[in-house]
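Each chain, written out:
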Amino acid sequence: MFIEDPAGLRQAMEYYADQGWTDGLPVVPVTESYLAEYLAFSGRDPDDVLLGMPHLNRELTVRLAAINAALAGCRPEYFPVVLAAWESLVAEGYVGRAIWQSTTGTAPFLIVNGPVRERLGLNSTGNVFGSGFRANATIGRAIRLGAINAFGLRPHELDQATQGTPAKYTACIAENEEQSPWPALHTEFGLAAADSAVTAMVIRSCVHIEARHTRVPEQLAADLAGTIARTGALIHETISAALVLSPEHARLLAAAGWSKADVRQAVYERAVLGWPE
């Protein structure tokens, strides 16, 4: 397929970059007719405010969220998931309190559950944190671009991260419900298994844990907890950690009779560092 006006497209992309409307990667130019397709999927008034940051005197509306979803490369049918992600971040409560401006370099992390995973082609299996899946990549990216363009959270400006994390581009996965021995995440919050949902949280980093040397659940829990403790983010009343387990590890723990609550408690008890006397 040939683009009728490639020079105009390149000009628009360069203009957007010059305005600081990107995350460093090229974005998709947005027209009013293209934007209307996203708003049609929202079922919301375009002027509805999704998130306000009073300390910045700025707001994110449904219209702005749609513009940034289009910039990110989302398909219009992805937009309800983007809206659900924003609503989940608001419910978590951290994003409105300047946490995205922190020197710790926080980023949003999204977990998608329910039938929408298959309908939109969200990856929930191999390479789940990697590349190759448009829905995962662009839904997460839509949140980052919204933070940049609605709230001005650009690096070296209002975003004061000292090192940052690759999750600042995008961090969106779907739960592998089919291979999990436990109930899906969204059902723990009172939703039905047939519901589609997004769980969102703010993360500081993402660490891969190599743990293939044991089949003892207590040892596996100790390995998980040890990695958490080494990051310096010890679990306490205001800091938590999200564990994304492979199907093999989940089945190992479940076969030993462990529930999700058992795993959480075991990691919590072991995520401790001591110092010599």
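That block above? That's the structure.
Residues numbered from 1 in each chain as written. Predicted model: local features only at pLDDT ≥ 70, side-chain atom pairs only at ≥ 80, totals over all residues. Heavy atoms only, no water.

## Looking at the overall build of the protein
When its secondary structure is counted, the protein shows nine helices and five strands. Relative to the compact-globule value of 19 Å for 277 residues, the protein shows a C-alpha radius of gyration of 20 Å, a close match. In terms of principal-axis extent, the alpha carbons of the protein reach across some 65 × 45 × 35 Å. Across the 277 residues of the protein, 43% fall into the buried class. At a minimum sequence separation of 6, the contacts of the protein that also span at least 24 residues come to 74%. Between the averaged position of the 21 positive side-chain charges in the protein and that of its 30 negative side-chain charges there is a distance of 3 Å. (Helix = DSSP H or I, 4+ residues; strand = E, 2+ residues; numbered from the N terminus. Rg over C-alpha atoms; globule rule 2.2 N^0.38 Å. Buried < 20%, exposed > 50% of the residue type's maximum accessible area, 1.4 Å probe, protein only. Contact = heavy atoms within 4.5 Å. Lys, Arg positive; Asp, Glu negative; His and termini not counted. Charge placed at Lys NZ, Arg CZ, Asp CG, Glu CD.)

## Observations regarding the sheet that holds strand S3 (residues 107-113)
Spatially, the three strands line up as an open sheet ordered S4-S3-S5, and their pairing is mixed. Each having just a single partner strand, strand S4 (172-174) and strand S5 (197-203) make up the two edges of the open sheet. Strand after strand, the sheet turns through a mean of 20° between neighbouring axes, direction not considered. Pairing geometry for S3 and S5, over seven bridges, is antiparallel. Pairing of leucine 110 across the sheet is with alanine 200, part of S5. Lying on the sheet, helix H4 (residues 79-92) is in contact with S3 and S5; it crosses S5 at an angle near 50°. Sheet strands touched by helix H6 (residues 134-151): S3 and S4. Its angle to S3, the strand with the most contacts, is close to 140°. (Pairing = 2+ DSSP bridges. Axes fitted to C-alpha atoms, helices over the stretch in contact; angles between N-to-C directions.)

## Re the side chain of aspartate 159
As for its position among the elements, aspartate 159 is in the loop between H6 and S4. A polar contact of 2.7 Å, which involves the side chain of aspartate 159, links it to the side chain of lysine 168. Leave out the neighbours within four places in its chain, and aspartate 159 touches Trp100, Gln101, Arg144, Leu153, Arg154 and Lys168. (Polar contact = N/O pair within 3.5 Å; in protein donor to acceptor, adjacent residues only side chain to side chain.)

## A short note on the pattern of salt bridges
When charged atoms on two side chains of opposite charge get close, those side chains can pair. For the structure on display, the rule yields 10 salt bridges. For lysine 168, the salt bridge is made with aspartate 159, and the minimal N-O distance between the two is 2.7 Å. Residue arginine 212 pairs with glutamate 210 through a salt bridge whose shortest N-O separation is 2.9 Å. Several salt bridges share partner residues, and in doing so they unite Arg44, Asp48 and Glu87 into one network. (Salt bridge = Lys/Arg side-chain N within 4 Å of Asp/Glu carboxyl O.)

All quantities given are derived from atomic positions and should not be read as evidence of function.
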